[in-house]
Amino acid sequence: MSAYGLLIDYEWCTGCHTCEVACQIEHALPTDQWGIKIMNVGPWEYAPKKWQYAYLPVPTDQCDLCKNRVEKSHTPTCVKHCQAKCLKYGKVEKLAEELAKKPKQTLFSL
Ligand code: SF4
Ligand code: SF4
């Protein structure tokens with residue numbers, strides 16, 4: 001397992017798709033393939049006035065954690081372009097510490 005990964009704070013994801021496009025451009029992917037894909041979870045009402053509605057960014061098998069950028073000391077392009085600062089790159093151990101601090105996050109590693 002890689003020692004590095006992405007921490008995804010999906011509570012603040014607006015579903016803007018900027019990360020998807022940035023990743024496609026960086027990796028010269030066709031428009032029907034993604035290194036990260038935004039999934040819609042909901043909407044549905046599970047209790048009176050309580051709604052499940054979230055966007056969840058999901059890295060795919062084509063995510064290489066921006067190996068070429070990271071080797072040049074740049075952050076992954078999805079991290080750089082997310083205006084909502086939902087994405088964080090780093091060592092899995094450090095990200096796991098952040099994961100423990102708040103709900104509605106997921107941790108991805110290769
Ligand atoms: S760029 Fe950020 S806010 Fe926009 S869809 Fe991606 S993770 Fe969500
Ligand atoms: S880390 Fe790089 S390859 Fe992985 S989803 Fe983000 S932009 Fe795409």
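Below is a short write-up of the structure. Residue numbers restart at each chain and count upward from 1, following the sequence in its written direction. Labels are handed out in written order, letters beginning with A for the chains and numbers beginning with 1 for the ligands. Totals for whole chains, interfaces and linings use all residues, but because this is a predicted model, local features are given only for residues with pLDDT of at least 70 and pairs of side-chain atoms are given and counted only at 80 or more.

Let's talk about the site of ligand 1
Link 1 in the chain: Neighbouring residues of ligand 1: 14 residues in total, closest C13, C16, T18, C19 and C82.
Link 2 in the chain: Helix and strand definitions here come from DSSP, where helices need a minimum of 4 consecutive H or I residues and strands a minimum of 2 consecutive E residues; each element is numbered from the N-terminal end. Taken together, the elements giving at least two residues each to the shell around ligand 1 come down to α1 (18-27) and β3 (50-59). In this text, near has one meaning. A residue is near a molecule or strand if its C-beta atom, placed using the backbone, is within 6 Å of it.

Points about the pairing of strand β1 (residues 4-9)
Link 1 in the chain: In terms of residue burial, β1 counts as a mostly covered element, since five of its six residues are buried.
Link 2 in the chain: At least two DSSP bridges between two strands are required for those strands to pair. Where β1 meets strand β4 (residues 87-91), five bridges bridge the pair, whose relative direction is antiparallel. The residue of β4 that forms the bridge with I8 is L87. Any residue whose C-beta has 12 or fewer other C-beta atoms within 10 Å is treated as exposed, any with 20 or more as buried, and any in between as partly exposed, C-beta atoms being built from the backbone.

Regarding the site of ligand 2
Link 1 in the chain: By nearness alone, 14 residues border ligand 2, and C23, G35, C63, P76 and C78 come closest of all.
Link 2 in the chain: Only α1 and α3 (77-81) provide two or more residues apiece to the shell around ligand 2.
Link 3 in the chain: Tallying contributions element by element places α1 first for the shell around ligand 2, with three residues.
Link 4 in the chain: By residue class, the composition of the shell around ligand 2 is ten nonpolar, two polar and two charged. Polarity classes work like this: nonpolar for Ala, Val, Leu, Ile, Met, Phe, Trp, Tyr, Cys and Pro, charged for Asp, Glu, Lys and Arg, and polar for all others, with Gly in that last group.

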